[in-house]
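Structural characterization, general
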Amino acid sequence: MILVTGASGTIGSELLRELVRKGEPVRAAVHVRPLDADGVETCNIDYDRPETLSPALEGVDSLFLLSQQVTHEKPMVDAAREAGVRRIVYVSSFGADRDTFIVGQLHREIELRIQETGMVWTFLRPNYLMQNFITLMGHDIRNEDAFYDSIGDARVSRIDTRDVSHVAARVLTESGHDNRAYELSGPEAITHHHAAEVLSEVLGRRIRYVELDDDSFRRRLIAQGVPEDFAGFVEDVNRRNRNGETHDDVITDNVRNILGREPTTFLRFCQDYAPTFGGR
Ligand SMILES: NC(=O)c1ccc[n+]([C@@H]2O[C@H](COP(=O)([O-])OP(=O)(O)OC[C@H]3O[C@@H](n4cnc5c(N)ncnc54)[C@H](OP(=O)(O)O)[C@@H]3O)[C@@H](O)[C@H]2O)c1
């Protein structure tokens with residue numbers, strides 16, 4: 001049995017679809033948001049309420065683990081060890097073991113804790129998700145034909161979430177991935193100015209990228225309801241990208257090696273999600 005946490009979230013929902021399509025025995029762990037899938041065994045969990053974790057882990061061989069707030073995940077790692085889970089596939093972040101940005105360090109702490117448990121592990125370390133253009137910027141693109149960020153002109157090898165989820169499905173159902181860490185990137189490293197050009201071309205209207213300074217960007221995120229600490233994390237990583245202190249422009253071949261096909265381009269992502277951005 002595979003337990004998928006974050007099953008109603010961006011990465012988890014696509015993974016769940018893929019595992020169901022493959023006919024794998026799967027249980028979906030739901031927190032607050034309802035699940036958008038029929039006929040799947042579900043359970044309710046809250047990392048902050050340890051009593052919800054062991055029932056969810058009953059009979060589980062493989063745990064797919066992620067959360068919005070990285071610090072929440074420690075109790076789940078401990079509960080998995082106690083429940084006798086054999087393997088954890090953990091969603092970490094690009095460069096977690098080499099870059100010094102705050103989110104990466106938090107992910108690295110969880111990775112080390114997982115390794116200490118003695119369970120078999122696989123770490124998926126995706127770069128920025130293309131789907132952030134929907135979850136974080138989609139509202140502005142739809143309503144203002146613009147998106148706002150403080151990342152300047154940094155090149156980033158963004159990856160389509162669907163590729164991350166499909167890699168996770170392979171790792172969870174195939175052999176050969178024990179105790180491996182995979183840095184996952186898209187096929188090209190692009191700037192926000194280039195992204196604006198692609199969006200404009202696909203949507204048939206001009207989409208602008210508006211560069212903000214650190215402070216304006218952080219205040220904008222907080223005004224949109226993003227928690228203050230998380231807004232600070234994003235500001236931190238954007239500044240490091242602008243200053244060339246990260247490796248977020250690196251392109252890896254792990255998606256191609258695992259899936260046997262090229263990762264999704266930003267153009268294809270925009271075409272597939274055009275209606276979400278108010279296009280045809
Ligand atoms: N976005 C990026 O560019 C990017 C890049 C690299 C790595 N990552 C990593 O990917 C992870 C986020 O994945 P995602 O994009 O799929 O996020 P997401 O859509 O926000 O999903 C997060 C999931 O975690 C669940 N969750 C939140 N709090 C919980 C709790 N207390 N107990 C149990 N479940 C809880 C949420 O459920 P509810 O919605 O019901 O609360 C949701 O299903 C993070 O670790 C992030 O650092 C993201």
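The rules we used
- Here, residues in each chain are numbered from 1, in the same order as that chain's written sequence.
- Where local features are concerned, this predicted model is filtered to residues with pLDDT of at least 70; where side-chain atom pairs are given and counted, the filter is 80 or more; whole-chain, interface and lining totals use all residues.
- Side-chain calculation: all heavy atoms of the structure are included, whereas hydrogens and water are not.
- Each helix corresponds to a stretch of at least 4 residues labelled H or I by DSSP, and each strand to a stretch of at least 2 residues labelled E; elements are numbered beginning at the N terminus.
- For this measure, only C-alpha atoms enter the radius of gyration; the expected value for a globule follows 2.2 Å times N^0.38, where N is the number of residues.
- Here's how the labels work: a residue is buried when its accessible area is under 20% of the maximum for its type, exposed when over 50%, partly exposed in between, all with a 1.4 Å probe on protein chains only.
- Whether two residues are in contact is decided by their heavy atoms: any pair within 4.5 Å suffices.
- In this count, Lys and Arg are taken as positive residues and Asp and Glu as negative ones, while His and the chain termini are left out.
- All charge positions are set by atom: Lys at NZ, Arg at CZ, Asp at CG, Glu at CD.
- Should DSSP find at least two bridges between two strands, the strands are regarded as paired.
- Fitting a line to C-alpha atoms yields each axis, with helices limited to the stretch in contact; the angle taken between N-to-C directions then spans 0 to 180 degrees.
- Centre distance within 6.5 Å is the pairing criterion for rings of Phe, Tyr and Trp, where only the six-membered ring of Trp is used; planes under 30 degrees apart are then read as stacked, over 60 as edge-to-face, and the remainder as tilted.
- Angle categories are assigned with fixed cut-offs, so that under 35 degrees is roughly parallel, over 145 is roughly antiparallel, 65 to 115 is roughly perpendicular, and the rest are oblique.
- Helix crossings fall into two classes, left-handed where the near helix is turned counterclockwise from the far one by less than a right angle and right-handed where it is turned clockwise.
- As used here, the term nonpolar core means buried Ala, Val, Leu, Ile, Met, Phe, Trp, Tyr and Cys residues forming a set that is joined through side-chain atoms within 4.5 Å.
- Domains are outlined according to an automatic or database domain assignment.
- UniProt positions are given in the numbering used here, feature names are shortened, and annotations may be inferred rather than shown by experiment.
- Residues are labelled near a given molecule or strand when at least one of their non-hydrogen atoms is within 4 Å of it.
- For the purposes of these results, a polar contact is taken to be a pair of N or O atoms within 3.5 Å, where, inside protein, one atom must be able to donate a hydrogen and its partner to accept one; residues adjacent in sequence count only when each atom of the pair is a side-chain atom.
- For accessible areas, the Shrake-Rupley method is used with a probe of radius 1.4 Å. Any residue's cover is judged against the shown protein chains and nothing else.
- The span expected for a helix works out to 1.5 Å for each residue beyond the first.

1. Some thoughts on the overall build of the protein
The number of helices and strands found in the protein is twelve helices and nine strands. Against the globule reference of 19 Å for 280 residues, the protein gives a C-alpha radius of gyration of 19 Å, in line with a compact fold. Here the C-alpha coordinates of the protein stretch approximately 50 × 35 × 35 Å along the principal axes. Residues classed as buried in the protein amount to 54% of the 280 residues present. For the protein, restricting intrachain contacts to residue pairs at least 6 apart in sequence, the fraction spanning at least 24 positions comes to 74%. Between the averaged position of the 33 positive side-chain charges in the protein and that of its 46 negative side-chain charges there is a distance of 3 Å.

2. Description of the sheet that holds strand E4 (residues 62–65)
Here we have seven strands laid out as an open sheet, ordered E3-E2-E1-E4-E5-E6-E8, and parallel in their pairing. Where the open sheet ends on each side, the last strands, each with one partner, are strand E3 (41–44) and strand E8 (180–184). Pairwise comparison of adjacent strand axes, ignoring direction, gives a mean angle of 20 degrees for this sheet. In this structure, strand E5 (residues 87–91) lies alongside strand E6 (residues 120–126), joined through five bridges in parallel fashion. Across the sheet, residue Val89 finds its bridge partner in E6, namely Thr122. Packed onto the sheet, helix H1 (residues 10–21) meets strand E1 (2–4), strand E2 (26–30), E4 and E5 and runs at close to 150 degrees relative to E1. Packed onto the sheet, helix H3 (residues 74–83) meets E1, E4 and E5 and runs at close to 180 degrees relative to E4.

3. A few points about the packing of aromatic side chains
Tallied over the full model, the rule gives nine aromatic pairs. Chaining the aromatic ring pairs together yields one cluster made of Phe133, Phe147, Tyr209, Phe266, Phe269, Tyr273 and Phe277.

4. Quick word on the packing of H1 against helix H7 (residues 161–173)
Interhelical geometry of H1 versus H7 gives an angle of 50 degrees and a closest axis separation of 8 Å. The orientation of H1 relative to H7 falls into the category oblique. You can see that H1 and H7 cross each other, and the crossing is right-handed. Only Thr161, Arg162, Val164, Ser165, His166, Ala168, Ala169, Leu172 and Thr173 of H7 make contact with H1, whose side of the interface consists of Thr10, Ile11, Glu14, Leu15, Glu18 and Leu19.

5. With respect to the nonpolar core
Core analysis: the biggest nonpolar cluster contains 51 residues, and Phe133, Leu199 and Phe266 have the highest contact counts within it. The element contributing the most residues to this core is helix H8 (residues 192–203), with five residues. Each of two domains, domain 1 (2–125) and domain 2 (131–156 + 187–277), supplies a minimum of three residues to this core. Leu16, Phe64, Leu129 and Val255 belong to the second largest nonpolar core, which has 30 residues in total.

6. Here we look at the UniProt feature "domain: NmrA-like" (unreviewed entry) in the protein
Per the UniProt record, the feature "domain: NmrA-like" (unreviewed entry) sits at residues 2–239. For residues 2–239, helix accounts for 42% and strand for 17%, while the C-alpha atoms at its two ends are 38 Å apart.

7. Quick word on unusual backbone geometry
Its identity as a non-glycine residue notwithstanding, Asp145 has a phi of 55 degrees, on the positive side. With respect to the helices and strands, the residue Asp145 is situated in the loop between helix H6 (138–144) and strand E7 (146–149). Here Asp145 falls in the partly exposed class, since its relative accessible area comes to 27%.

8. Brief notes about the site of the ligand
Neighbouring residues of the ligand: 23 residues in total, closest Thr10, His31, Val32, Arg33 and Asn132. At a separation of 3.5 Å, a nitrogen atom of the ligand approaches a polar side-chain atom of His72. Note that an oxygen atom of the ligand is positioned 2.8 Å from one of the side-chain N or O atoms of His107. Taking 920 Å² as the accessible area of the ligand by itself, protein coverage stands at 88%.

9. Some details on helix H10 (residues 228–242)
In this model H10 runs 21 Å from its N-terminal to its C-terminal C-alpha over 15 residues, within 8% of the 21 Å that 1.5 Å per residue would give. Restricting attention to buried positions, one finds in H10 the residues Ala231, Phe233, Val234, Glu235, Asp236, Val237, Asn238 and Asn241. Among the structural elements, helix H4 (102–117), E7 and helix H9 (214–223) are those in contact with the buried residues of H10. Looking at the residues trailing H10, positive phi occurs at Gly244, about 70 degrees.

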